[in-house]
Amino acid sequence: MRKGKVIAVAGKGGTGKTAIAALLIRELLNAQGNEDVCILAVDADADTNLPDALGISYAKTVGDIREGLLEEKQRDFTLDIRSQFEGKIAGIIAEEERYDLLVMGRPEGPGCYCPVNHIIRMIIDTLAKNYDYTIIDCEAGLEHLSRRTTRDVDVMLVVLDTTLKSIKTALRLKEIAAEIDIDVKKLVIMANKIPDGADKMMVGEAKRYNLEIEDIIPFDPLISEYDTKGIPIVDLPDGAPSVIAVRRIVEKLL
Ligand SMILES: Nc1ncnc2c1ncn2[C@@H]1O[C@H](COP(=O)(O)OP(=O)(O)OP(=O)(O)O)[C@@H](O)[C@H]1O
Ligand SMILES: [Mg+2]
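Residues numbered from 1 in each chain as written. Chains lettered and ligands numbered in written order. Predicted model: local features only at pLDDT ≥ 70, side-chain atom pairs only at ≥ 80, totals over all residues. Heavy atoms only, no water.

J.: Hey, could you go over the overall build of the protein for me, with residue numbers and the actual values?
T.: Across its full length, the protein holds 10 helices and eight strands. Taking all 254 residues of the protein together, the buried fraction comes to 51%. Considering only intrachain contacts with a sequence separation of at least 6, the fraction spanning at least 24 residues in the protein is 79%. Surface summary for the protein: the accessible area is close to 12,000 Å², and the carbon and sulfur share equals 50%. (Helix = DSSP H or I, 4+ residues; strand = E, 2+ residues; numbered from the N terminus. Buried < 20%, exposed > 50% of the residue type's maximum accessible area, 1.4 Å probe, protein only. Contact = heavy atoms within 4.5 Å. Areas by Shrake-Rupley, 256 points an atom, 1.4 Å probe, with all protein chains shown as cover.)

Structural data, given as structure tokens:
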């Protein structure tokens, strides 16, 4: 895969998007030949779980910036609003040693000021071009992606688990992705939390809905344990089954 790419992780709530996004970042950074890559991690879920999965902290969200500037706007609205946003968004990016993190935070409120959201999207599109990879941990659902985050997605990883509901959500995501005004170049369906021996059954069930599962990440008790104890998912051991599975996915993506 060429550099400067945007990878979004989407799917039904609770299927493992955040865990997978965190492990993708870890394995992209660890991949051979990727010693110097820079990654932008974007937490696009209002619930903001990615920082914990990565074991890092953040101070402010894009939502905070938007609300602050909208208040200022009522007093002093200048034509220079885009550079004001640009400067403020650059200022809230959490910089880690090998990657940066941008937290979207709360979506726009009822008094949505659409031009501002459009400006934010353009800024993030521009920002993503400065990184080798941008990994977006999406909110459950897809509409927010066109509304708040980025326009073009090179790879959309749609995660499902052993539930029929998640298969149906994946199907809807696939349909919506084809309709909305974001350009999804490649859509990959992956099944997560799959118990030993259930691979074939999952592939078969998804096929009934015309979904081709391309990757399987096994149920990994260590992920639940780390999540329960509040240990960052990125600190999982190299040999953990989920880590090995994500490593293979990264090798394929590269
Ligand atoms: N491969 C796995 N094996 C075992 N448990 C897993 C696995 N992947 C995720 N989990 C568990 O599933 C739950 C949901 O994971 P996660 O928070 O990553 O999902 P999500 O899709 O980001 O959820 P949300 O939609 O709420 O953001 C967590 O309790 C996590 O520990
Ligand atoms: Mg999540």
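J.: Go over the sheet that holds strand E7 (residues 183-194) with me, naming the residues and quoting the values.
T.: The strand order across the open sheet built from eight strands is E3-E4-E2-E5-E1-E6-E7-E8, with neighbouring strands paired in mixed fashion. Single-partner strands in this sheet number two, and they are strand E3 (94-95) and strand E8 (213-218). Sheet contacts for helix H10 (residues 241-253): strand E1 (5-11), strand E6 (152-160), E7 and E8; angle to E8, the most-contacted strand, approximately 155°. (Pairing = 2+ DSSP bridges. Axes fitted to C-alpha atoms, helices over the stretch in contact; angles between N-to-C directions.)

J.: An account of the site of ligand 1 is requested, with residue identities and associated values reported.
T.: The environment of ligand 1 is made up of 17 residues, and the closest members are Lys17, Thr18, Asn192, Asp220 and Asp227. A distance of 2.7 Å separates an oxygen atom of ligand 1 from a polar side-chain atom of lysine 17. Relative to its free-state accessible area of 630 Å², ligand 1 is covered by the protein chains to the extent of 81%. Elements supplying a minimum of two residues to the shell around ligand 1: helix H1 (17-30), E7 and helix H9 (221-229). A breakdown of the residues in the shell around ligand 1 according to their chemical character gives four nonpolar, seven polar and six charged. (Near = heavy atom within 4 Å. Polar contact = N/O pair within 3.5 Å; in protein donor to acceptor, adjacent residues only side chain to side chain. Nonpolar A, V, L, I, M, F, W, Y, C, P; charged D, E, K, R; others polar.)

J.: I'd like a rundown of the pairing of strand E4 (residues 99-103), residues and numbers included.
T.: Burial analysis of E4 places five of its five residues in the buried class, the great majority of the element. Here strand E2 (residues 39-43) pairs with E4 via five bridges, running parallel. What sits directly across from valine 42, in E4, is leucine 102. Two elements, E3 and E4, share two bridges in a ladder whose sense is antiparallel. When the sheet's bridge partners are listed, glutamate 95 is paired in E4 with aspartate 100. Between E3 and E4, which pair antiparallel in sequence order, lie three residues.

J.: Residue-level account of the pattern of salt bridges, with values.
T.: Counted under the stated rule, the structure contains 13 salt bridges. Here lysine 185 makes a salt bridge to aspartate 183, at a shortest N to O gap of 3.9 Å. Measuring nitrogen to oxygen at the nearest pair gives 3.2 Å for the salt bridge that ties glutamate 205 to arginine 208. With relative accessibility at 29%, the residue glutamate 205 sits in the partly exposed group. Residues joined in a network through salt bridges with shared partners are Lys5, Asp154, Asp183 and Lys185. (Salt bridge = Lys/Arg side-chain N within 4 Å of Asp/Glu carboxyl O.)

J.: Could you give me a rundown of the pairing of strand E5 (residues 133-137), with the residues and numbers involved?
T.: Counting buried positions along E5 gives five out of five residues, so the element sits mostly inside the fold. Residues Tyr133, Ile135 and Asp137 point to one face of E5 and Thr134 and Ile136 to the other, with burial holding for every one of them. When E1 meets E5, the two strands line up parallel, connected through five bridges. In the strand pairing of E5, valine 9 is matched with aspartate 137. With five bridges connecting them, E2 and E5 associate as parallel partners. What sits directly across from aspartate 43, in E5, is aspartate 137.

J.: Report on the nonpolar core, specifying residues and quantitative values.
T.: Within the largest apolar cluster, 45 residues are counted, with the highest numbers of intra-cluster contacts made by Phe85, Leu102, Ile120, Met156 and Leu160. Examining the composition of this core, we find that seven residues originate from one element, helix H5 (residues 114-128), more than from any other. Formed by 43 residues, the second largest nonpolar core is a distinct cluster that contains Ile25, Val103, Tyr226 and Ala245. (Core = buried A, V, L, I, M, F, W, Y, C linked by side-chain atoms within 4.5 Å.)

J.: Account for the layout of surface pockets, with residues named and values stated.
T.: Looking at the largest pocket, its volume works out to about 540 Å³. Considering the residues around the largest pocket, the lining is formed by 27 residues, among which Gly16, Thr18, Ala19, Ile223 and Asp227 are closest to the centre. Every element with two or more residues in the lining of the largest pocket is listed here: H1, helix H2 (50-54), E7 and H9. Broken down by element, the residue count for the lining of the largest pocket peaks at four residues, all from H9. The class makeup of the residues in the lining of the largest pocket is 10 nonpolar, nine polar and eight charged. (1 Å grid on protein atoms, 1.4 Å probe; cavity = no way out; pocket = protein on both sides within 12 Å on 5 of 7 lines; lining within 4 Å. Points joined across faces, edges and corners; volume = space filled by probe spheres on them.)

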